[in-house]
Amino acid sequence: MDKLTAYLVKKGVLKDERVIRAFAENPRYKFVPERYKDYWYVDEPLPTFEGQTISQPSTVAFMTQALEVGEGMKVLEVGAGSGWQAAILSSLVGKGGKVYTIERIPKLYEFAKRNLRDKKNVEVILGDGSKGLPRKAPFDRIIVTAAAKEVPKALIEQLDEEGILLVPVGVGVQRMVKVWKKGRREYLGEFVFVPLVEE
Ligand code: SAH
């Protein structure tokens, strides 16, 4: 197990056995840009390109566990970035599952695609994900890794009946909102993300 995964377990952020395994299968050094390679294990966000970031490891751990991803699920991620979160989701859904991840910035789309080239169950899509991916709906799980101004209704519509959406909402500081298709909502603490660009 790499030292970042070990740290997250020791810190108590990573608890779920399946999620711990998914982290160990996808060490962060494979997703950090060359010029920040020496800092891959630090529990902080790091710059990728064009003012964007690879999220803070404890946030990725927290969100991944909150999303309750099972084997065989179809998952949508909005904000591919480095592809790290998508790689972890790929391990969790397994061979029978599928992960779609959308990125609006071409340079990051290319970066994510390269980093995810060996993941057969992941499709990286270039475009605006703020309205989801209707042509592939419904999804078992949707995760937004950029800050939305409010919970995007289009994403709730694209959930399966048993589906769950996880999205950080707010300007400046965000509250993590867990939304069940059936109506329940939970607020899971405060985080800071780069903005979701809503076109
Ligand atoms: N999940 C990423 C980190 C994401 S940072 C990782 O594991 O590395 C947020 C990303 O969302 C940025 O790369 C940003 O360009 C992208 N983004 C912002 N608004 C978007 C939109 N409307 N559609 C798709 N991607 C978007």
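Bear in mind that the values here come from a model prediction, so they are computed numbers and not experimental data.

**Q** What's the story with unusual backbone geometry in this structure? I'm lost.
**A** What you tend to see is this: most non-glycine residues have negative phi, and most peptide bonds are trans. For the peptide bond that leads from Ala137 to Pro138, omega is 0 degrees, which places it in the cis range. Inspection of the secondary structure puts Pro138 in the loop between β5 (122-126) and β6 (139-144). Phi is positive for Glu50, close to 50 degrees, though the residue is something other than glycine. The topology assignment puts Glu50 in the loop between β1 (46-47) and β2 (53-54).

**Q** Quick question: what am I supposed to make of the pairing of strand β8 (residues 174-180) here?
**A** Along any regular strand, the residues point their side chains to alternate faces of the sheet. Counting buried residues in β8 gives 6 out of 7 residues, a clear majority hidden from the surface. Between strand β7 (residues 159-169) and the antiparallel strand that follows it, β8, lie 4 residues; Gly170 among them carries a positive phi value of about 135 degrees. Pairing between β8 and strand β9 (residues 185-191): 5 bridges, direction antiparallel. By the bridge assignment for β9, Lys178 is matched with Glu186. From the end of β8 to the start of β9, which pair antiparallel, there are 4 residues, and Gly183 there has a positive phi angle of about 120 degrees.

**Q** Teacher, can you tell me more about the site of the ligand here?
**A** Close contacts around the ligand come from 26 residues, with Ser82, Glu103, Asp128, Gly129 and Val197 the closest. Look at the ligand: alone it shows 580 Å² of surface, and the protein chains cover 99% of it. Secondary-structure elements contributing two or more residues to the shell around the ligand are β2, α4 (84-93) and β4 (98-103). Taken together, the residues of the shell around the ligand sort by class into 10 nonpolar, 12 polar and 4 charged.

**Q** What's the story with α4 in this structure? I'm lost.
**A** An α-helix turns once every 3.6 residues. As a result, residues three or four positions apart point the same way. For α4, the tally of buried residues reaches 9 of 10 residues, placing the bulk of the element in the interior. If you check which residues of α4 are buried, you get Trp84, Gln85, Ala86, Ala87, Ile88, Leu89, Ser90, Leu92 and Val93. Immediately downstream of α4, the backbone of Gly94 shows phi near 70 degrees, a positive value.

The rules behind each value
- Think of each chain on its own: its residues are numbered from 1, step by step along the sequence as written.
- Selection of residues for local features in this predicted model requires a pLDDT of at least 70, selection of side-chain atom pairs for listing and counting requires 80 or more, and totals for whole chains, interfaces and linings are taken over all residues.
- Just so you know, side-chain values use all the structure's heavy atoms and leave hydrogens and water out.
- Helix and strand assignments follow DSSP, with helices taken as H or I runs no shorter than four residues and strands as E runs no shorter than two, numbered in order from the N terminus.
- Only protein chains enter the accessibility calculation, which uses a 1.4 Å probe; a residue is then buried when its area is under 20% of its type maximum, exposed when over 50%, and partly exposed in between.
- When DSSP finds two or more bridges between a pair of strands, those strands are recorded as paired.
- Nearness here has a simple test: a residue counts as near a molecule or strand if at least one of its heavy atoms is within 4 Å of that partner.
- Accessible surface area values rest on a Shrake-Rupley calculation with a 1.4 Å probe, where residue burial reflects the displayed protein chains alone.
- Under the convention adopted here, Pro, Cys and the residues Ala, Val, Leu, Ile, Met, Phe, Trp and Tyr are nonpolar, Asp, Glu, Lys and Arg are charged, and Gly plus all remaining residues are polar.

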